[in-house]
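Working through the structure, step by step
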Amino acid sequence: MVDAHCHLQDVAFAADRDAILAACSEDGIVCINAADSYEESLTVVALAGKHPFLFAVVGIHPHHAEDIFEEHAFRLFLAKPHVVGVGEIGLDYSGAAAKDLALQRSQQELFRQQLVFAQKEDKPVVVHCRDAYPDALRIISGFPDVAVMMHTFAADAAIAKKFLDFGAHLSFSGMVTFPKAESVRQSVVVTPLEKILIETDAPYLAPEPHRGKRNEPKYVRFVAEKIAELKNISVERVLEQTTENAARFFHLPPV
């Protein structure tokens with residue numbers, strides 16, 4: 001299995017991180033660990049360098065729109081073989097940004113800067129998008145040569161089709177198991193299996209039956225099971241294809 005997006009550097013794993021990583025190794029789970037700032041990028045790169053099943057993506061999250069993107073510093077990260085993409089980057093118009101147009105513009109500019117960087121470095125991007133799908137699509141449409149993964153895709157089928165038309169991969173999390181997330185499940189239905197990735201976003205968004213608790217990479221199987229149910233195919237088929245998709249998208253070496 002490949003958990004296409006998680007945060008194992010999070011303080012939620014401080015007490016038992018080594019045990020969680022050992023379990024990933026034993027269970028054959030490959031994890032793509034995402035950063036949200038330059039400082040956190042240092043952490044995820046160092047952590048990934050210690051484990052052959054752990055890879056890193058580095059970037060600045062829209063919550064840090066005030067940060068300056070130092071291209072040279074991030075280029076040094078990408079020189080390491082276990083750093084496989086730029087992320088998580090994108091737009092988040094929740095909270096204060098919902099009505100703050102200046103903050104939205106700052107997020108958009110940071111997003112563009114990192115897309116330009118990913119294009120120059122020929123790296124895929126992991127996109128965070130919350131309450132901003134139209135603007136996210138408009139911006140990524142200007143970068144047709146950049147491989148895009150929409151992390152924790154949470155929009156409806158109509159929006160899913162627009163991102164699929166662009167060529168993006170959609171990554172689904174434990175949200176697909178939530179009782180009120182029918183629109184997300186319909187997005188799964190319209191997304192070809194070859195364009196689906198699965199993730200936990202651990203420690204966040206734990207799937208049913210673990211909702212409300214700390215999420216862990218091993219729970220990515222619950223996402224696969226729900227997708228299998230929605231697609232009327234076997235869990236094994238979902239795991240096989242999503243593993244292949246992730247390996248191709250991130251250009252993963254054999255583990």
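About the cut-offs
Residues numbered from 1 in each chain as written. Predicted model: local features only at pLDDT ≥ 70, side-chain atom pairs only at ≥ 80, totals over all residues. Heavy atoms only, no water. Pairing = 2+ DSSP bridges. Helix = DSSP H or I, 4+ residues; strand = E, 2+ residues; numbered from the N terminus. Axes fitted to C-alpha atoms, helices over the stretch in contact; angles between N-to-C directions. Contact = heavy atoms within 4.5 Å. Salt bridge = Lys/Arg side-chain N within 4 Å of Asp/Glu carboxyl O. Buried < 20%, exposed > 50% of the residue type's maximum accessible area, 1.4 Å probe, protein only. Right-handed = clockwise from strand over helix to strand, strands pointing away. Arc of directions from axis to C-beta. Phe/Tyr/Trp six-rings, centres within 6.5 Å; stacked < 30°, edge-to-face > 60°.

Strand order in the open sheet formed by 8 strands is S1-S2-S3-S4-S5-S6-S7-S8, and the pairing between neighbours is parallel. The open sheet has two free edges, formed respectively by strand S1 (2-6) and strand S8 (196-198), since each of these has just one partner strand. Taken over all neighbouring pairs, the strand axes of this sheet differ in orientation by 30 degrees on average, direction set aside. Relative to strand S7 (residues 169-172), strand S6 (residues 148-150) runs parallel, the two sharing 2 bridges. Bridge pairing in S7 places methionine 149 opposite histidine 169. Of the strands in this sheet, strand S3 (54-58) and strand S4 (83-92) are in contact with helix H3 (residues 71-78), which crosses S4 at around 135 degrees. Along the sheet, helix H5 (residues 133-140) makes contact with S4, strand S5 (125-130) and S6, crossing S4 at roughly 135 degrees.

With that out of the way, let us pick up the pattern of salt bridges. One pass over the full model with this rule turns up 13 salt bridges. The partner of glutamate 216 in a salt bridge is arginine 214, with the nearest N and O atoms 3.0 Å apart. Judged by its relative accessible area of 14%, glutamate 216 falls in the buried class. Take arginine 214: its relative accessible area is 24%, and that puts it in the partly exposed class. One salt bridge in this structure joins glutamate 240 and arginine 237, with 3.8 Å as the shortest N-O distance. You can see glutamate 240 and its partner arginine 237 sitting in helix H9 (residues 235-250), 3 residues apart, about one turn around the helix. For glutamate 240, a relative accessible area of 53% translates into the label exposed. Salt bridges sharing partners connect three or more residues here, namely Asp16, Arg214, Glu216 and Lys218.

Glancing now at the pairing of S4. Among the 10 residues in S4, 10 count as buried, and that is most of the element. Sheet topology places S3 next to S4; 3 bridges connect them, and they run parallel. When the bridges of S4 are listed, alanine 56 appears paired with valine 83. Handedness of the crossover is the feature at issue here: the chain leaves S4, passes through helix H4 (residues 101-121), returns alongside S5, and the resulting connection is right-handed.

Here the focus is helix H1 (residues 17-27). The set of residues buried in H1 consists of Ile20, Leu21 and Cys24. Buried residues along H1 cover an arc of 95 degrees about the axis, so they all sit on one side. Exposed residues lying more than 90 degrees from the buried face of H1 are Asp18 and Glu26. Tucked into the core, H1 has its buried residues touching strand S2 (30-34), helix H2 (38-48) and S3. Of the residues trailing H1, glycine 28 is marked for its positive phi of about 70 degrees.

Once that is clear, we can look at the pairing of S2. Within S2, 5 of the 5 residues are buried, leaving the element largely enclosed by the surrounding structure. The two faces of S2 match: Val30, Ile32 and Ala34 on one face and Cys31 and Asn33 on the other face are all buried. Pairing between S1 and S2: 3 bridges, direction parallel. Each residue of the ladder has a partner; that of valine 2, found in S2, is valine 30. In this fold, the crossover linking S1 to S2 by way of H1 has right-handed handedness.

Looking now at the packing of aromatic side chains. As enumerated under the stated definition, the model contains 11 aromatic pairs in all. Between phenylalanine 74 and phenylalanine 77, the ring centres sit 5.6 Å apart and the planes meet at 75 degrees, which makes this aromatic pair edge-to-face. Taken together, the residues span about one helical turn, with phenylalanine 74 and phenylalanine 77 both in helix H3 at a distance of 3 residues. Like phenylalanine 74, the residue phenylalanine 77 is buried in the burial classification. Centroid distance phenylalanine 153 to phenylalanine 172: 6.2 Å. Interplanar angle 80 degrees. Geometry classified as edge-to-face. Within this pair, whereas phenylalanine 153 is found in the loop between S6 and helix H6 (157-166), its partner phenylalanine 172 is found in strand S7, the two being separated by 19 residues in sequence. Members of the aromatic cluster, each reached through a chain of ring pairs, are Tyr38, Phe69, Phe74, Phe77 and Phe117.

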